[in-house]
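Summary of the model geometry
Spelled out from the first residue to the last, the chains are:
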Amino acid sequence: MPDRLLKVNAYTTFDMLDGSAQGHDFDEEAFAVLNVTAPRRDPDHVTLELELDNTQLETLPAHADRVTLSAAQARELAAELERYADRVDAAEE
């Protein structure tokens, strides 16, 4: 992904996912980077970042989306991810 807005390195959570973006008049698919971070010093939040490969997008300009979560919200999200992952595993068995 040239011209990235997010820093991608060996510590990036996921650097090659299938992503999509939907709007009222568009629906696009592209490779995506998804990262979870927290400040190194005195962490007081968790940041979830998502960027779609702008070379594969026709409608959207280059951008990255970020969500800031409290520790409790991050744990709630993790629990939801586990619950849905269990459903997918069960369906695949």
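In this report, we go over the structure that sits alongside the text. In this text, all values refer to a predicted model and were calculated from it rather than measured experimentally.

Thoughts on the overall build of the chain
Counting its regular elements, the chain contains one helix and four strands. C-alpha atoms of the chain, sized along the principal axes, occupy 40 × 35 × 30 Å. Of all 93 residues assigned to the chain, the portion counted as buried reaches 22%. Intrachain contacts of the chain at a sequence separation of at least 6 include 37% that bridge at least 24 residues. Accessible surface computed for the chain: about 7300 Å², of which carbon and sulfur atoms make up 50%. In the chain, 8 positive and 21 negative side-chain charges are present, and the distance between their average locations comes to 11 Å.

Comments concerning the pairing of strand S3 (residues 46-52)
Direction of pairing for strand S2 (residues 27-37) relative to S3: antiparallel, over a ladder of six bridges. Within S3, the residue paired with Asn-35 across the bridge is Glu-49. The pairing of S3 with strand S4 (residues 64-69) spans six bridges and is classified as antiparallel. Bridging across to S4, Leu-50 finds its partner in Asp-65.

So, the sheet that holds S4
One open sheet holds the four strands; their spatial order is S1-S2-S3-S4, and the pairing between them is antiparallel. Edge positions in the open sheet fall to strand S1 (14-22) and S4, since each of these has one partner strand only. Between one strand axis and the next, the sheet turns through 30° on average, direction left out of account. Across the sheet, helix H1 (residues 71-92) is in contact with S3 and S4; its angle to S4 comes to roughly 110°.

Some points on the environment of Phe-26
By the element assignment, Phe-26 lies in the loop between S1 and S2. Here the alpha-carbon distance between Phe-26 and Lys-7, two residues 19 residues apart in the chain, equals 27 Å. With residues near it in sequence (within four places) discarded, Phe-26 still touches Ala-21, Thr-59 and Leu-60.

Let's talk about a negative patch on the surface
Together, Glu-82, Asp-86, Asp-89, Glu-92 and Glu-93 make up a region of like negative charge exposed at the surface. Note on placement: Glu-82 falls in helix H1.

Quick word on the pattern of salt bridges
According to the stated counting rule, one finds two salt bridges in the structure shown. The partner of Glu-80 in a salt bridge is Arg-83, and the shortest N-O contact between them spans 3.0 Å. You can see Glu-80 and its partner Arg-83 sitting in helix H1, three residues apart, about one turn around the helix. Judged by relative accessible area, Glu-80 falls into the partly exposed class, the value being 32%.

The rules behind these values
Residues numbered from 1 in each chain as written. Predicted model: local features only at pLDDT ≥ 70, side-chain atom pairs only at ≥ 80, totals over all residues. Heavy atoms only, no water. Helix = DSSP H or I, 4+ residues; strand = E, 2+ residues; numbered from the N terminus. Buried < 20%, exposed > 50% of the residue type's maximum accessible area, 1.4 Å probe, protein only. Contact = heavy atoms within 4.5 Å. Areas by Shrake-Rupley, 256 points an atom, 1.4 Å probe, with all protein chains shown as cover. Lys, Arg positive; Asp, Glu negative; His and termini not counted. Charge placed at Lys NZ, Arg CZ, Asp CG, Glu CD. Pairing = 2+ DSSP bridges. Axes fitted to C-alpha atoms, helices over the stretch in contact; angles between N-to-C directions. Patch = residues over 30% accessible without salt bridge, like charges linked within 9 Å, V, L, I, M, F, W, Y side chains within 5 Å. Salt bridge = Lys/Arg side-chain N within 4 Å of Asp/Glu carboxyl O.

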